[in-house]
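Breakdown of the fold
What follows is the residue order along each chain.
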Amino acid sequence: MEIWINPACSKCRSAVQLLDEEGASYTVRRYLEDVPSEDEIRAVLDRLGLEPWDITRTQEAAAKELNLKDREEWPREAAARDRWIAALAAHPKLIQRPIITADDGTAVVARTDEAVRDALSR
């Protein structure tokens, strides 16, 4: 099990605390320092069953600079998927956090205790 975190994020700290309380075996990836490649982002998206726009933090400054909310410029469709993934790789702060990759090959965006427990049960 691996958890992608930003240590400055309270949701990430809560998820790590819960993993510790449950005695889980996991590794921490500080994804702002150890930036995931486009292929790693694709793999996590496949595990999540989500699209890149589903895990994009659109309130971040970089999202505003890129104008990600403009659906004409940034359509949420298969043809634009690679462009979204490239943006996430270039600006990792845009990636929703924390993300836990579970031992069964799935993943969850672990913003709640329930989501963390879901990942632990897999």
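Attention here is on the structure that accompanies the text. (Residues numbered from 1 in each chain as written. Predicted model: local features only at pLDDT ≥ 70, side-chain atom pairs only at ≥ 80, totals over all residues. Heavy atoms only, no water.)

A few points about the packing of aromatic side chains
One pass over the structure, following the stated rule, counts 3 aromatic pairs. Their ring planes at 70° and their centres at 5.9 Å tell us that Trp-53 and Trp-84 sit as a pair that is edge-to-face. Pair noted here: Trp-53 is in the loop between helix 2 (38-48) and helix 3 (61-66) and Trp-84 is in helix 4 (residues 81-90), with a separation of 31 residues, a long-range link. Residues Trp-53 and Trp-84 agree in their burial class; the two are buried. Judged by centre distance (5.3 Å) and plane angle (75°), the rings of Trp-74 and Trp-84 are edge-to-face. Placement of Trp-74 in the loop between helix 3 and helix 4 and of Trp-84 in helix 4 is noted, with a sequence separation of 10 residues between them. Residue Trp-84 is classed as buried on the basis of its relative accessible area of 1%. Clustering of aromatic rings is evident, with ring pairs tying together Trp-53, Trp-74 and Trp-84. In this arrangement the basic side chain of Arg-83 is found over the ring face of Trp-74, its NZ or CZ atom lying 3.7 Å from the centre. (Phe/Tyr/Trp six-rings, centres within 6.5 Å; stacked < 30°, edge-to-face > 60°. Helix = DSSP H or I, 4+ residues; strand = E, 2+ residues; numbered from the N terminus. Buried < 20%, exposed > 50% of the residue type's maximum accessible area, 1.4 Å probe, protein only. Lys NZ or Arg CZ within 6 Å of the ring centre and 35° of its normal.)

Looking at the pattern of salt bridges
Throughout the structure, instances matching the rule amount to 9 salt bridges. Between Asp-82 and Arg-42 there is a salt bridge, and its shortest N-O distance comes to 3.2 Å. Of this pair, Asp-82 sits in helix 4 while Arg-42 sits in helix 2, placing them 40 residues apart in sequence. Under the relative-accessibility criterion, Asp-82 is labelled partly exposed at 46%. (Salt bridge = Lys/Arg side-chain N within 4 Å of Asp/Glu carboxyl O.)

Some words on unusual backbone geometry
A cis amide bond, omega -10°, links Arg-97 with the succeeding residue Pro-98. Along the chain, Pro-98 turns up in the loop between helix 4 and strand 3 (99-101). Look at Asn-67: it is not a glycine, yet its phi comes out positive at around 65°. When you line up the elements, Asn-67 lands in the loop between helix 3 and helix 4.

Comments concerning the side chain of Arg-97
With respect to the element layout, Arg-97 can be found in the loop between helix 4 and strand 3. Salt bridges are absent for the buried Arg-97, whose nearest opposite-charge side chain, Glu-60, sits at 4.2 Å. The residues touching Arg-97, leaving out its near neighbours within four places in the chain, are Trp-4, Asn-6, Cys-9, Cys-12, Tyr-31, Arg-57, Glu-60 and Arg-111. (Lys, Arg positive; Asp, Glu negative; His and termini not counted. Contact = heavy atoms within 4.5 Å.)

What to know about the side chain of Arg-81
Structurally, Arg-81 can be placed in helix 4. Excluding residues that lie within four positions of it along the chain, Arg-81 makes contacts with Arg-42, Leu-45, Asp-46, Leu-50, Glu-51, Pro-52 and Trp-53.

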